[in-house]
Amino acid sequence: MKPVRVAALAAMRVTPLIATLVVPLIATLVAPLVAASMAPTPKVRPAGQGIPPRIPLSYEIVAEHPHDVQAFTQGLFWHDGYLYEGTGRRGESQLRKVDIETGEVTRQVSLDDGIFGEGIALLDGRIFQLSWLAKRGFIYDVNSFEPLGEFHYDTPGWGLTTDGRHLIMSDGSENLLFLDAGTQQVVRTLRVHEDGRGVRDLNELEYIGGLVYANVWHSDDILRIDPGSGEVVDRIDFSGLMADQRPADSEAVLNGIAYNPNSGHLYVTGKRWPKLFEIRLVER
Ligand SMILES: [Ca+2]
């Protein structure tokens, strides 16, 4: 009986060991997995609450649509089944309504020859269009493209979007300017930073799901920016879009982001690009 007694004694010694070391260890390892499986993981943190999560994103191409290679794209948004595009270059600057499937321009208005058009945004039935150095903004009726007025600002004009309350504007610096939608006056300046360093040359913009998406001039990256803190939440690499067919013009860079809230798809193109890419963001 002695061996049995020894075995029992050993078991009594081992049991507390399991209780004090192994069980808590297993609990520590398993608890987060259980919690994670039960609680939905938020994809995007609401603005201005703590440290933003770094969610590595990539993309899948859903479709490729034609894009006018004459269009020096400076602004892009989706509305009611159509794409709206603002183009640049003096003498070539326009506001256009474009059929996505065919690339056909179904409505257009030209800016004065001396004006270099920039970003566009739609808010409350009005399209706002910036110009680069003239410090003049233009307002149109979204349906008729009839001019409704002008506004002025003190910086260069680059990209434009809206969070539904403000116009949000880039000016080539590391700042985003928030303009009161009614008065078009700057009410807030937000410094955009990544790992503590300011990020310059923010260009075309799109407000999606509580974040500002911005492409960076002469870069294939689109940043996702927390509009509360200015922190860059993520950086998505779009260099694969035109890898095999990059235009010879060194200024023909990625510069156009639009969002269709019905499909959740983005439309991405660039200055004088032959294609408009319809994409879906996916986690890497
Ligand atoms: Ca846009």
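Cut-offs and rules
Residues numbered from 1 in each chain as written. Predicted model: local features only at pLDDT ≥ 70, side-chain atom pairs only at ≥ 80, totals over all residues. Pairing = 2+ DSSP bridges. Helix = DSSP H or I, 4+ residues; strand = E, 2+ residues; numbered from the N terminus. Core = buried A, V, L, I, M, F, W, Y, C linked by C-beta atoms within 7 Å. Buried ≥ 20, exposed ≤ 12 C-beta atoms within 10 Å, placed from the backbone. Axes fitted to C-alpha atoms, helices over the stretch in contact; angles between N-to-C directions.

Chemist: How do you make sense of the pairing of strand β8 (residues 136-141) when you look at a structure like this?
Modeler: Each regular strand displays side chains that alternate between the two surfaces of the sheet. In the sheet, strand β7 (residues 126-131) pairs with β8 via 4 bridges, with the strands oriented antiparallel. Residue pairing for β8: Gln-129 is matched across the bridge by Phe-138. In this structure, the hairpin formed by β7 and β8 is closed by a connection of 4 residues, where Lys-135 is found at a positive phi of approximately 60 degrees. Inspection of the sheet shows β8 paired to strand β9 (residues 147-152) by 5 bridges, in the antiparallel sense. In the strand pairing of β9, Ile-139 is matched with Gly-149.

Chemist: How should I be thinking about the nonpolar core in this particular structure?
Modeler: Side chains that are nonpolar tend, in soluble globular proteins, to be buried together. Judged by nonpolar contacts, the single largest core of 52 residues is most densely connected at Val-212, Ala-214 and Val-268. In terms of residue count, strand β17 (residues 211-216) provides more of this core than any other element does, 5 residues in total.

Chemist: Looking at this model, I keep getting lost on the sheet that holds strand β18 (residues 221-225). Mind explaining?
Modeler: Picture the strands of a sheet paired through backbone hydrogen bonds; they go either parallel or antiparallel. Taken in spatial order, the 4 strands line up as β16-β17-β18-β19 in an open sheet, and their pairing is antiparallel. Strand pairing shows two members of the sheet lacking a second neighbour, β16 (202-208) and β19 (232-237), which therefore form its edges. Pairwise comparison of adjacent strand axes, ignoring direction, gives a mean angle of 25 degrees for this sheet. Note: β18 against β19, 5 bridges, orientation antiparallel. Bridge pairing in β19 places Asp-221 opposite Asp-237.

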